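Residue strings, one per chain:
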Amino acid sequence: EAAVTQSPRNKVAVTGGKVTLSCNQTNNHNNMYWYRQDTGHGLRLIHYSYGAGSTEKGDIPDGYKASRPSQENFSLILELATPSQTSVYFCASGPGYNYAEQFFGPGTRLTVL
Amino acid sequence: AQSVTQPDARVTVSEGASLQLRCKYSSSVTPYLFWYVQYPRQGLQLLLKYYSGDPVVQGVNGFEAEFSKSNSSFHLRKASVHWSDSAVYFCAVSPNTGANTGKLTFGHGTILRVHP
């Protein structure tokens, strides 16, 4: 069954540490996205990708990097984690081109102490 | 730039009652429009989408939405809600042309609580 999976599902990190969130999709979609969800803000786009090797900045990219080594995998990297990055992070994939719908993973709850 | 407003942060209804969740968008052209649902501790699931054509679109679990170009709205409706419909509902828009097709802008969500 086609799906978007994320790992880890929960993560506790220390301030200043490096955090990598991973996403894998079996939808064979070109586009992948990283969002964070915070109360009062809905979902906000951090980075996205049109395909392997490509990454683009979203609306709130500061403090985050992204990596798309293959069609299936898209990582979000926090080089120096801060408490303000405590949030729930969602990955999504979408076919792109003329199709705009996205399919979401289950989320990763990140706490930075 | 696009934006989405969901004017009702919380809606409470009784089981069996009808439901309307409101969504207003701002866009220079008619965008693609979506409704997503999020159950507790889960990711977002696509309920329905509007690309073009018939302004009333059907989705899963008895949901439908109506696009109104004159009102810049895409309201979600259900004739009779069930307690299991309790969740957070998000309206989202995407450009319908160009490189940003698929780049969604979300509203802040409406928390729906259905009394059993």
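What this report covers is the structure whose coordinates are included nearby. (Residues numbered from 1 in each chain as written. Chains lettered and ligands numbered in written order. Predicted model: local features only at pLDDT ≥ 70, side-chain atom pairs only at ≥ 80, totals over all residues. Heavy atoms only, no water.)

A few points about the packing of aromatic side chains
Argument step 1. As enumerated under the stated definition, the model contains 18 aromatic pairs over all chains in all.
Argument step 2. Ring geometry for Tyr35(A) versus Phe106(B): centroids 5.6 Å apart, planes at 90 degrees, classification edge-to-face. Note that Tyr35(A) is positioned in strand S4 (residues 31-38) and Phe106(B) in strand S11 (residues 105-106), a pairing that runs across two chains.
Argument step 3. Under the relative-accessibility criterion, Tyr35(A) is labelled buried at 0%.
Argument step 4. Between Phe104(A) and Phe106(B) the ring centres are 6.1 Å apart and the planes differ by 75 degrees, which places this aromatic pair in the edge-to-face class. Here Phe106(B) lies in strand S11 and Phe104(A) lies in strand S10 (residues 103-104), a pairing that spans two chains. Summarising the burial analysis for this pair, Phe104(A) and Phe106(B) share the class buried.
Argument step 5. Ring pairing ties together the aromatic residues Tyr33(A), Tyr35(A), Tyr48(A), Tyr50(A), Phe104(A), Tyr32(B), Phe34(B), Tyr36(B), Tyr51(B), Phe90(B) and Phe106(B), which thus form one cluster.
Argument step 6. Directly above the aromatic system of Tyr51(B) lies the positively charged group of Lys49(B), at a separation of 5.7 Å from the ring centroid. (Phe/Tyr/Trp six-rings, centres within 6.5 Å; stacked < 30°, edge-to-face > 60°. Helix = DSSP H or I, 4+ residues; strand = E, 2+ residues; numbered from the N terminus. Buried < 20%, exposed > 50% of the residue type's maximum accessible area, 1.4 Å probe, protein only. Lys NZ or Arg CZ within 6 Å of the ring centre and 35° of its normal.)

Things to note about the environment of Leu33(B)
Residue and element names in this part refer to chain B.
Argument step 1. Within the element layout of this structure, Leu33 appears in strand S5 (residues 32-38).
Argument step 2. A relative accessible area of 0% places Leu33 in the buried class.
Argument step 3. For the pair Leu33 and Thr105, spaced 72 residues apart in sequence, the C-alpha to C-alpha distance is 9.8 Å.
Argument step 4. Residues in contact with Leu33, not counting those within four places in the same chain, are Tyr25, Leu48, Lys49, Tyr50, Phe67, Phe74, Ala92 and Val93. (Contact = heavy atoms within 4.5 Å.)

Description of the nonpolar core
Residue and element names in this part refer to chain B.
Argument step 1. Counting residues in each nonpolar core, the largest one holds 27 residues, and the members touching the most others are Leu19, Trp35, Leu47, Leu48, Phe74, Leu76 and Tyr89.
Argument step 2. In terms of residues, this core owes the most to one element, strand S10 (residues 87-94), which gives four residues.
Argument step 3. Once you skip the residues sitting within four places of it in the chain, Leu48 turns out to touch Leu33, Phe34, Trp35, Val57, Gln58, Gly59, Phe63, Glu64, Ala65, Phe74 and Leu76. (Core = buried A, V, L, I, M, F, W, Y, C linked by side-chain atoms within 4.5 Å.)

Describing the pairing of S5(B)
Residue and element names in this part refer to chain B.
Argument step 1. Taken across its seven residues, S5 has seven buried, putting it largely inside the fold.
Argument step 2. Note: S5 against S10, seven bridges, orientation antiparallel. Opposite Tyr36, over in S10, you have Phe90 as the bridge partner.
Argument step 3. As paired strands, S5 and strand S6 (residues 44-50) are joined by six bridges and run antiparallel to one another. Within S6, the residue paired with Gln38 across the bridge is Leu44.
Argument step 4. Hairpin geometry of S5 and S6 is characterised by an intervening segment of five residues between the two adjacent antiparallel strands and by a positive phi of about 60 degrees at Arg41. (Pairing = 2+ DSSP bridges.)

Section: the interface of chain A and chain B
Argument step 1. On the chain B side, the residues contacting the 24 residues of chain A number 22 residues.
Argument step 2. When chain A packs against chain B, close to 1800 Å² is buried across both sides, 51% of that on carbon and sulfur atoms.
Argument step 3. The partner of Lys49(B) in a salt bridge is Glu101(A), with the nearest N and O atoms 2.6 Å apart.
Argument step 4. The interface formed by chain A and chain B contains five residue pairs in polar contact (both at pLDDT 80 or more).
Argument step 5. Secondary structure elements with two or more residues in the side of chain A that touches chain B: S4 and strand S5 (42-49) of chain A. (Buried area = accessible area lost by both parts, 1.4 Å probe. Salt bridge = Lys/Arg side-chain N within 4 Å of Asp/Glu carboxyl O. Polar contact = N/O pair within 3.5 Å; in protein donor to acceptor, adjacent residues only side chain to side chain.)

Notes on the side chain of Gln102(A)
Argument step 1. Tracing the chain through its elements places Gln102(A) in the loop between strand S9 (87-94) and S10.
Argument step 2. You can call Gln102(A) buried: its relative accessible area is 1%.
Argument step 3. Non-local contacts of Gln102(A), meaning those with residues more than four positions away in its chain, are made with Tyr33(A), Tyr35(A), Ala92(A), Ser93(A), Gly94(A), Tyr36(B), Gly102(B), Lys103(B) and Leu104(B).

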